[in-house]
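Report on the structure
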Amino acid sequence: PDRVTTEVFIAMSKALNFINPDELSMQCILIALNRFLQEKHGSKMAFLDGNPPERLCLPIVEHIQSLGGEVRLNSRVQKIELNDDGTVKNFLLTNGNVIDGDAYVFATPVDILKLQLPENWKEMAYFKRLEKLVGVPVINIHIWFDRKLKNTYDHLLFSRSSLLSVYADMSLTCKEYYNPNQSMLELVFAPAEEWISCSDSEIIDATMKELAKLFPDEISADQSKAKIVKYHVVKTPRSVYKTIPNCEPCRPLQRSPVEGFYLAGDYTKQKYLASMEGAVLSGKLCAQAIVQDYVLLAA
């Protein structure tokens with residue numbers, strides 16, 4: 001029946017891809033349901049116990065450095081320079097430095113890759129298919145309240161709101177934000193295309209109106225109940241790739257047809273769709289491809 005869209009699919013599609021069901025490819029829903037059914041922990045939710053830079057990124061950096069690797073921040077690629085045969089000569093950085101390597105991995109959102117593609121590569125079928133893959137806008141919101149909300153849980157919550165997607169009370173779900181007296185909601189505001197250019201205060205006002213519907217006994221739009229102590233709005237104009245119909249065949253394998261050039265990112269071919277898990281898995285598949293090509297690369 002039609003109500004399955006407003007009661008189930010709206011929550012699923014916004015959680016999976018930050019867009020409404022009328023835009024989303026149902027292949028995305030079916031793949032996700034298949035994962036939940038086939039894998040023992042396929043529907044398990046989990047939170048980091050602190051902020052991602054310290055609890056996710058820093059251990060990765062330390063691991064790379066412990067093996068003799070180097071991590072450079074604020075080192076933006078200005079241009080992929082090519083040899084005469086069309087392979088990568090080096091990466092030219094905006095600060096003038098040049099990066100030479102035996103293998104090159106571009107681990108970015110698909111929109112950034114398309115901006116950096118050399119003209120010689122754009123007509124290759126492998127890269128041309130990327131035109132259909134476009135990042136979707138999303139807004140993250142953090143709101144600290146002056147009291148503890150009673151109707152929240154130690155879990156990720158799915159909303160059927162027209163503006164809000166998933167949300168969680170971080171004072172319950174995350175060790176770093178634990179607070180027995182005050183709640184801190186982290187919310188995904190989506191679809192965000194019409195809101196990405198709005199001011200933070202406009203977005204917060206709209207969010208509070210939606211929260212008043214979700215928490216009628218505890219939150220009101222005019223803050224006559226729970227009051228905002230502080231808030232933070234994070235806008236991402238291009239996040240995960242937009243999972244629209246017919247985009248699945250456009251997703252590339254991690255090994256490109258250009259010798260020594262590889263891709264990683266959630267938009268590349270892997271089973272976890274547009275997600276952090278998908279990005280991580282793509283990195284593992286990319287590493288496997290490089291290991292398989294070791295003899296060729298060494299030569």
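Just so we're clear, the structure is a prediction, and the values are computed from it rather than from any experiment.

Let us look at the UniProt feature "domain: Amine oxidase" (unreviewed entry) in the protein chain. UniProt annotation of "domain: Amine oxidase" (unreviewed entry) refers to residues 9-290 when read in the numbering used here. Taken end to end, residues 9-290 is 29% helix and 19% strand, and its two terminal C-alpha atoms sit 39 Å from one another.

Okay, the pairing of strand E5 (residues 138-145) next. Counted residue by residue, E5 has 6 buried out of 8 residues, so it is predominantly covered. Bridge count for E5 against strand E9 (residues 228-236) is 8 bridges, and the pairing is antiparallel. Counted as the bridge partner of Asn140 is Val234 from E9. Where E5 lies against strand E8 (residues 184-189), 6 bridges are found, and the strand directions are antiparallel. Pairing of Asn140 across the sheet is with Val188, part of E8.

Glancing now at the pattern of salt bridges. This structure, assessed with the given rule, holds 15 salt bridges. In this structure, the salt-bridge partner of Arg3 is Glu7, at a minimum N-O distance of 3.2 Å. Pair noted here: Arg3 and Glu7 are both in helix H1 (residues 3-17), with a separation of 4 residues, about one helical turn. Its relative accessible area of 53% is what places Arg3 among the exposed residues. Since its relative accessible area comes to 39%, Glu7 is described here as partly exposed. With its nearest N and O atoms 2.5 Å apart, the salt bridge here joins Arg55 to Asp49. Three or more residues are tied together by salt bridges with common partners; here these are Arg35, Glu39 and Lys271.

A word on the pairing of strand E1 (residues 77-82). For E1 and strand E2 (residues 88-93), the ladder comprises 5 bridges, and the chain directions are antiparallel. By the bridge assignment for E2, Val77 is matched with Leu93. Between E1 and E2, which pair antiparallel in sequence order, lie 5 residues; one of them, Gly86, sits at a positive phi of approximately 90 degrees.

All right, on to the sheet that holds E1 then. The strand order across the open sheet built from 3 strands is E1-E2-E3, with neighbouring strands paired in antiparallel fashion. Every other strand in the sheet has two partners, leaving E1 and strand E3 (98-99) as the edge strands with one partner each.

A few words now on the packing of H1 against helix H2 (residues 26-38). Orientation of H1 relative to H2, taken along the N-to-C sense of each, is 90 degrees, at an axis distance of 10 Å. Considering the angle they form, H1 stands roughly perpendicular to H2. Between H1 and H2, the residues in contact are Phe9, Met12, Ser13 and Leu16 and Met26, Cys28, Ile29, Ala32 and Leu33, respectively. For the contact of H1 with H2, a count of residues per class yields 8 nonpolar, 1 polar and no charged.

What follows is about the sheet that holds strand E6 (residues 157-158). To summarise the sheet geometry, strands pair through backbone hydrogen bonds and adopt either a parallel or an antiparallel arrangement. Taken in spatial order, the 5 strands of this open sheet run E6-E7-E8-E5-E9, and their pairing is antiparallel. Among the strands making up the open sheet, the edge pair consists of E6 and E9. Here H1 sits on the sheet in contact with E6 and strand E7 (164-169), set at roughly 75 degrees to E7. Relative to the sheet, helix H7 (residues 200-214) contacts E5, E7, E8 and E9, its axis offset from that of E9 by approximately 115 degrees.

Calculation criteria
Residues numbered from 1 in each chain as written. Predicted model: local features only at pLDDT ≥ 70, side-chain atom pairs only at ≥ 80, totals over all residues. Heavy atoms only, no water. UniProt positions renumbered as here; feature names shortened; annotations may be inferred. Helix = DSSP H or I, 4+ residues; strand = E, 2+ residues; numbered from the N terminus. Buried < 20%, exposed > 50% of the residue type's maximum accessible area, 1.4 Å probe, protein only. Pairing = 2+ DSSP bridges. Salt bridge = Lys/Arg side-chain N within 4 Å of Asp/Glu carboxyl O. Axes fitted to C-alpha atoms, helices over the stretch in contact; angles between N-to-C directions. Parallel < 35°, antiparallel > 145°, perpendicular 65-115°, else oblique. Contact = heavy atoms within 4.5 Å. Nonpolar A, V, L, I, M, F, W, Y, C, P; charged D, E, K, R; others polar.

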